[in-house]
Amino acid sequence: MDEIPRKSLSEIVAGKLAAQVLDGTYQSGFQLPAERDLIKLFGVSRSTLREALKALEEINLIESRHGVGWFISELDEHNLPLAHQIAELAENQPVAGRVRISPDDFPDGPRRLPSNPEKPLIIPNLKTDRQGTFEFISWWEREKVENAKVMVVGAGALGNEVIKNLVLMGIGHIFIVDFDTIELANLSRSVLFRESDSGRKKAEVAAARAKEINPNIHVQYVHGDVTTDIGLGVFRRMDVIIGCLDNREARLAINRFAYWIDKPWVDGAIQEFFGLARVFVPGQGACFECSLTEQARRDLALRYSCPLLARENVLLGKVPTTPTIASIIAAIQSQEALKLLHGKPVKPGQVIHFNGMTNEMHTTAYTPVEDCESHWTYGDITELPLRADTTTLGDLLKIARRDLGPDAVIELDQELVLSLNCPQCGTHEEILEPISSVGFNRAHCPACGLLRETELSHTITGEENFLSRTLASLGVPALHIVRAFNASEYRFYELSGDLEDALHFNHFEKPAYETPLKLSGRIKLGEKVVLKSRPKIKLHDPDVKISTPVEKEEKITIKVKDKKSS
């Protein structure tokens, strides 16, 4: 007598689950109930349930997501026939508990993890693909990461760690801004700097080292002040901005720039063993300016009571800190930026506090301020084929009045110092420079030494006698977005003619070709040899377009003193 085949409990449970996938109880992308709930429903042990789940995983009917749970895979020509086989084998086989799970068992419905169901299964070559392991992350999108543009403001301790993280993750385009230079004290907490870099620009060295770590990325650096030297058109083309700063003035500037052009930014701050990280998204929760205490606002007001002094009274950045806290906070910042790039949930307007002395972490939500000055987003932006270094105030004013009428005026971001006037001796000095370039010492009268009165303006009405001055000479950076308005509306004009020079991401790129000098064949002493070589072309010269290599003949004479030296 033939033995009647018996199915194991794990096979029966696997078959029942497969049947419920096939009949639509669980749809592709949805999450299965927790293991403890499935154990109770089927009346089996944890080990039996896990054997069943592993069997379904082997045929790619479900997939495990670490720390989250089990999810139903997409049904296709590979797993669908196998699912039918497993379901048929377990048909009419009883288990101790209930075998039919209805939606009523879970009133909240099945959960779906935000993911990219369209991502194809890719088996990378880990010997040749430096980003290959990231392909195993279910939500990772290589193309999105490689095309991403991230600005890092500040290349100190935090900035070094953030840049390093972005480079390792393969962020395709990194824009680095810093106005400081390297000193030996930076080496104790800056992984990208070396002793031989002392005195060099932080932004330049950080960008060069980033390119060395991962030659596949593209970098650009600016040695300058983010509050005055970076055009809004640059911010506008970024996906995420990461602040690694040490003073409120720069944070406030980035906060306003980001809000104006509707871009998220991630802030970080460190001191000794303490640090914080926070994400700000325009229109979602509080912004950085909302988070300022009354004391902080008073400090800022005091710092700006004399505008010339404010430009020179910025914190020097000598904040005592450790490389460990820089690594911790920078890791959080980098991870939040990665989540923003992939559209993953973040908590804007909240701050993560980390206490390295006790290893405690907690989150606090800021309260949005309804009348916050930063809460203003630009409208439609008109891209003009103009450059800041060639366009005059008069040129831009004509365009604004064409669009807004004869009463239109231009509004500058920086105050313009028109003149300095001494109330004691009556001396008058025409300045006509942006406030960022006028130091506190110049405010004193050269005759009597008294602090002079400053005449300022930030609007251009058309009555000025300097309308022929270029925008750049008055402090407008390249690729900036300039505002114009009349009594009822604003217009926003981008100097898009600066785009190619202001945003290129080609620093430290290798030449398109390198031709080593090779002498082939035998050469007789004193013989004239014709070498074919390519002319030298300056990289990134906008006036030069390379189509095909150009060859020219160059005659050289090789002289040899004796046979021994030849």
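Going by what an unreviewed UniProt entry lists, the protein is known as Molybdopterin/thiamine biosynthesis adenylyltransferase and is assigned to Pelolinea submarina.

When the terminal C-alpha atoms of helix α1 (residues 9-22) are compared, their 20 Å separation across 14 residues agrees well with the 20 Å that a helix rising 1.5 Å per residue should span. Residues S10, I12, V13, A14, G15, K16, L17, A18, Q20 and V21 constitute the buried set of α1.

Turning next to helix α13 (residues 323-341). For α13, with 19 residues, the first-to-last C-alpha span of 27 Å sits near the 27 Å given by 1.5 Å per residue. Taken from the residues just after α13, G343 is the one with a positive phi, measuring 70 degrees.

Following the criterion strictly, the structure yields 17 aromatic pairs and no others. Centroid distance W265 to F280: 5.4 Å. Interplanar angle 35 degrees. Geometry classified as tilted. With W265 in strand β7 (residues 265-271) and F280 in strand β8 (residues 274-280), the pair connects residues that are 15 residues apart, well separated along the chain. Judged by relative accessible area, F280 falls into the buried class, the value being 2%. Taken together, the aromatic side chains of F235, F257, W260, W376, Y378, F485, Y490 and F492 make up a single cluster linked through ring pairs. Directly above the aromatic system of F71 lies the positively charged group of R65, at a separation of 4.3 Å from the ring centroid.

Now for the sheet that holds strand β4 (residues 173-178). Spatially, β5-β4-β3-β6-β7-β8-β9-β10 is the arrangement adopted by the 8 strands of the open sheet, whose pairing is mixed. Two strands lie at the open edges of the sheet, namely β5 (218-223) and β10 (360-365), each paired on one side alone. Across this sheet, the average inter-strand angle for adjacent strands is 15 degrees, counted without regard to direction. Note: strand β3 (residues 149-153) against β4, 5 bridges, orientation parallel. Following the sheet pairing, V150 is matched in β4 by I174. Those strands touched by helix α7 (residues 202-213) are β4 and β5, and its axis lies near 170 degrees from that of β5.

The next subject is the environment of D262. Here D262 shows up in the loop between α9 (248-260) and β7. On the basis of relative accessibility, which here comes to 45%, the residue D262 falls in the partly exposed class. In this structure the C-alpha to C-alpha distance between D262 and G379, which are 117 residues apart in sequence, comes to 10.0 Å. When near neighbours in sequence (up to four residues on either side) are disregarded, D262 contacts P282 and T377.

Moving on to the pattern of salt bridges. This structure, assessed with the given rule, holds 33 salt bridges. The residue E141 makes a salt bridge to K144 at a minimum N-O spacing of 3.4 Å. Here K144 falls in the partly exposed class, since its relative accessible area comes to 32%. Its salt-bridge partner being R483, residue E411 comes within 3.0 Å of it at the nearest N-O pair. Here E411, found in strand β12 (residues 409-421), pairs with R483, found in strand β15 (residues 481-485); they are 72 residues apart in sequence, far enough to count as distant. One salt-bridge network, in which partners are shared between bridges, spans D129, E135, R142 and E146.

Sheet analysis places strand β11 (residues 381-384) next to strand β16 (residues 490-495), joined by 4 bridges and oriented parallel. Residue pairing in the sheet places E383 in a bridge with E494 of β16. Across 5 bridges, β15 lies against β16 in antiparallel orientation. Counted as the bridge partner of I481 is E494 from β16. From the end of β15 to the start of β16, which pair antiparallel, there are 4 residues.

Quick look at the confidence of the model for the protein now. Across the protein, pLDDT averages 84, with 80% of residues at or above 70. With pLDDT under 50 throughout, residues 1-5 is counted as low confidence; its partners more than four residues away or in other chains account for 0 contacts.

Parameters at a glance
Residues numbered from 1 in each chain as written. Predicted model: local features only at pLDDT ≥ 70, side-chain atom pairs only at ≥ 80, totals over all residues. Heavy atoms only, no water. Helix = DSSP H or I, 4+ residues; strand = E, 2+ residues; numbered from the N terminus. Expected span 1.5 Å × (residues − 1). Buried < 20%, exposed > 50% of the residue type's maximum accessible area, 1.4 Å probe, protein only. Phe/Tyr/Trp six-rings, centres within 6.5 Å; stacked < 30°, edge-to-face > 60°. Lys NZ or Arg CZ within 6 Å of the ring centre and 35° of its normal. Pairing = 2+ DSSP bridges. Axes fitted to C-alpha atoms, helices over the stretch in contact; angles between N-to-C directions. Contact = heavy atoms within 4.5 Å. Salt bridge = Lys/Arg side-chain N within 4 Å of Asp/Glu carboxyl O. pLDDT = per-residue confidence, 0-100.

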